[in-house]
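# Geometric and topological summary
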Amino acid sequence: MKVHHLNCATFRPPLVAGGLVAHCLLIESDQGLVLVDTGFGMNEVTNPKGTIDPMSRKLLRPVLDITETAISHVEKRGYTADDVRHVLVTHLDLDHAGGLRDFPKATVHVLDAELEAAVNAKGTKEKARYPKAQRDGVNFRTHKAEGESWFGFEAVKDVDGLPDDILMVPLIGHTRGHTGIAVRSDGGWLLHAGDAYFYRGEIETPPSNIFALKLTARQTETIREQRLSNVERLKELKQSGEAEVFCAHDPVELARLA
Ligand SMILES: [Zn+2]
């Protein structure tokens, strides 16, 4: 399968030199186009005040460039929105689910715990991370976090209706139903780790981090213990060389793979 690495949003948060990206994948499979995550879509870019809460706008400082939306990347390659048959989301935070409405014919695959967390969001903070409008009219298909083991990760499953070379790798912690997405590309296994970590150094040996992103990880985590144990397993996977591991927001990882 041919896999394209896309940037579907740019952010300039305070104290993060080089900014952040929204690393998404566009996969050309024999079952049509498949997207992994969607960054911000047309709604966020053209009407940020109507779609992104004031606090997130202040913390993320999104650049809001229409050419970065997933739909723009798809059209630039000569396809239309309807050619995207499936979208897999690592989780439903606003900077990952923004483009879902731009692909009305797609089935959106998500872990059941994540959709439940988004639909039943409680309190201002949780409601802000899961804007209801981003899910309007979206055709979800939920999956349970159960299945086989894969390079030391448990409960990994292939997804009905998708090629066997696309797997959901549950990485619970950042959110209740957060998952990695593994894709076997022409060049070997890739693992999109979503927001399981924020800075490339976190899974390097020895690990390193920058203060602002360490803080971000802490402030956005839901289940700390699980998040930290998943970072350890991602570190081991990276060290083993069995898969190319990357997260959603690190611009250096994206530049290396794009
Ligand atoms: Zn994120």
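Here goes a summary of the coordinates provided. Small disclaimer: the values here were computed from a predicted structure and weren't measured.

So, about the pairing of strand S5 (residues 107-111). Most of S5 sits inside the fold, with five of its five residues counted as buried. In the sheet, strand S4 (residues 84-88) pairs with S5 via three bridges, with the strands oriented parallel. In the strand pairing of S5, Leu 88 is matched with His 109. Two strands pair when backbone bridges link them, and S5 and strand S6 (residues 139-143) are joined in this way by five bridges, in the parallel orientation. Among the inter-strand pairings, Val 110 is bridged to a residue of S6, identified as Thr 142.

Glancing now at the nonpolar core. Grouped together as the largest cluster of nonpolar side chains are 26 residues, with contacts concentrated most on Leu 35, Val 84, Val 87, Val 89, Leu 92, Leu 100 and Phe 103. When residues of this core are traced back to their parent elements, those giving at least two are strand S1 (2-11), strand S2 (20-29), strand S3 (32-36), helix H4 (70-76), S4, S5 and helix H6 (112-119). Here Val 84 is in contact with Leu 33, Leu 35, Val 74, Phe 103, Lys 105 and Ala 106, once residues within four sequence places are set aside. Counting residues in hydrophobic clusters, the runner-up holds 19 residues, among them Trp 150, Ala 182, Val 231 and Leu 234.

Tallied over the entire structure, the rule returns 12 salt bridges. Between Glu 44 and Arg 101 there is a salt bridge, and its shortest N-O distance comes to 3.8 Å. Residue Glu 44 is found in helix H1 (residues 42-46), and its partner Arg 101 is found in the loop between helix H5 (94-97) and S5; the two are separated by 57 residues along the sequence. Residue classification places Arg 101 among the partly exposed positions, given a relative accessible area of 22%. A salt bridge links Glu 126 to Arg 176, with the shortest nitrogen-to-oxygen separation between them at 3.9 Å.

Moving on to the environment of Glu 68. Position of Glu 68 among the secondary structure elements: in the loop between helix H3 (54-60) and H4. Along the primary structure Glu 68 and Ala 22 are separated by 46 residues, whereas in three dimensions their C-alpha atoms are 9.3 Å apart. Residue contacts for Glu 68: discarding those within four places in its chain leaves Asn 7, Cys 8, Ala 9, Thr 10 and His 73. Looking at Glu 68, its side chain comes within polar contact range of the side chain of Thr 10, at 2.6 Å.

Before going further, it helps to spend a moment on a negative patch on the surface. Side chains of Glu 148, Asp 158, Asp 160 and Asp 164 sit close together on the surface and give a patch of like negative charge. Checked against the element boundaries, Asp 160 lands in the loop between strand S8 (153-158) and strand S9 (166-170). Since its relative accessible area comes to 59%, Asp 160 is described here as exposed.

The next thing to look at is the coordination of the zinc ion. Within the first shell, the zinc ion binds the protein through Asp 95 (OD), His 96 (NE2), Asp 195 (OD) and His 249 (NE2), at distances of 2.1 to 2.3 Å. Each of the four donor atoms bound to the zinc ion contributes to angles spanning 84 to 162°, and the resulting shape is irregular. Going along the chain, you hit the donors of the zinc ion in the pattern D-H-x98-D-x53-H. A residue pair is termed long-range when its members are at least 10 positions apart, and His 96 in helix H5 and His 249 in the loop between strand S12 (243-246) and helix H10 (251-257) qualify at 153 residues. Accessibility classification places His 96 together with His 249 in one group, the buried group.

For helix H9 (residues 224-240), with 17 residues, the first-to-last C-alpha span of 25 Å sits near the 24 Å given by 1.5 Å per residue. Here H9 has its buried residues at Arg 227, Asn 230, Val 231, Leu 234, Lys 235 and Leu 237. Here the buried residues of H9 occupy an arc of 165° about the axis, which is enough to place them on one side. Exposed residues pointing more than 90 degrees away from the buried face of H9 are listed as Glu 225, Glu 236 and Gln 239. Where H9 is buried, its residues touch strand S7 (148-150), S8, strand S11 (188-192), helix H8 (211-220) and S12. In the segment just after H9, Gly 241 is the residue with positive phi, at about 75°.

Basis of the calculations
Residues numbered from 1 in each chain as written. Predicted model: local features only at pLDDT ≥ 70, side-chain atom pairs only at ≥ 80, totals over all residues. Heavy atoms only, no water. Buried < 20%, exposed > 50% of the residue type's maximum accessible area, 1.4 Å probe, protein only. Helix = DSSP H or I, 4+ residues; strand = E, 2+ residues; numbered from the N terminus. Pairing = 2+ DSSP bridges. Core = buried A, V, L, I, M, F, W, Y, C linked by side-chain atoms within 4.5 Å. Contact = heavy atoms within 4.5 Å. Salt bridge = Lys/Arg side-chain N within 4 Å of Asp/Glu carboxyl O. Polar contact = N/O pair within 3.5 Å; in protein donor to acceptor, adjacent residues only side chain to side chain. Patch = residues over 30% accessible without salt bridge, like charges linked within 9 Å, V, L, I, M, F, W, Y side chains within 5 Å. Areas by Shrake-Rupley, 256 points an atom, 1.4 Å probe, with all protein chains shown as cover. Lys, Arg positive; Asp, Glu negative; His and termini not counted. Charge placed at Lys NZ, Arg CZ, Asp CG, Glu CD. Donors = N, O, S within 2.8 Å, 3.2 Å for Na, K, Ca; no water. Tetrahedral: all angles 85-135°; square planar, octahedral: opposite > 155°, others 65-115°. Expected span 1.5 Å × (residues − 1). Arc of directions from axis to C-beta.

Interpretation note: all reported values are geometric properties and have no functional meaning in isolation.
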